[in-house]
Amino acid sequence: MVPNGIFLDEEGTIRMIKEGFKLDNPGTVEAVEQLLRKEVEKVEFDGSPVSGQPDLQQQLAQTKYKLGMEYAKQGRDQEALKELDDACLLDPDNFIIRKQRWYIRYPEKFSPAIQFEWQQGQLEKEKEEEERHRNQGLVCGPDGCFLPSGQK
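Okay, so let's go over this structure.

1. As for unusual backbone geometry
A negative phi angle is the norm for most residues apart from glycine, just as the trans form is the norm for most peptide bonds. In this structure, the amide linkage connecting Ser111 to the following residue, Pro112, adopts the cis form with an omega of 10 degrees. Mapped onto the secondary structure, Pro112 falls in the loop between α4 (95-105) and α5 (116-135).

Okay, here's the thing in structure tokens:
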């Protein structure tokens, strides 16, 4: 998996953007092949517009990501993790946010070598927990992400 897949045509027009671009995903490969054969003008994934204009929730996720990274630069890891955790809940398909969280929480998984199998297992575990929280009514906004009172 690479963080992002971006397809530009000869004129530099963006024809496809895909976060969490998996090179072995048949749907992704077919989409790129269709673009190369000029069978389609653009490809959209997960309802994301090719224009790159994020919706309000993704904008909030990116803001929280940037704030989290600033906290991390200052060595304020707990504050960084709170912002990155919220950003991940707002934009759960953003693999870059996930990796930054993991790097702060589990630096030993990234040095001396990146443990890709661990990442895959961690991703599956987190996705299950996030789905459980969404089913319990998780609410995200500018002040963070919360479960209704009394639930954990």
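2. Overview of helix α1 (residues 26-36)
By the burial criterion, the buried members of α1 are Thr28, Ala31, Val32 and Leu35. The buried residues of α1 all sit within an arc of 95 degrees when viewed along its axis, so they share a single face. The first or second residue beyond α1 is Lys38, which carries a positive phi of 60 degrees.

3. Things to note about the state of the cysteines
All told, the structure shown has one disulfide when counted by the stated rule. Here Cys140 pairs with Cys145 through a disulfide, and the sulfurs are 2.1 Å apart. Measuring handedness by torsion sign, the sulfur bridge of Cys140 and Cys145 sits at about 115 degrees and is right-handed. Accessibility expressed as a relative area gives 29% for Cys140, which makes it partly exposed. Unpaired in terms of disulfides, Cys88 finds its nearest cysteine sulfur in Cys145, a separation of 9.6 Å. The class for Cys88 is buried, based on a relative accessible area of 1%.

Cut-offs applied
- Residues numbered from 1 in each chain as written.
- Predicted model: local features only at pLDDT ≥ 70, side-chain atom pairs only at ≥ 80, totals over all residues.
- Heavy atoms only, no water.
- Helix = DSSP H or I, 4+ residues; strand = E, 2+ residues; numbered from the N terminus.
- Buried < 20%, exposed > 50% of the residue type's maximum accessible area, 1.4 Å probe, protein only.
- Arc of directions from axis to C-beta.
- Disulfide = S-S within 2.5 Å.

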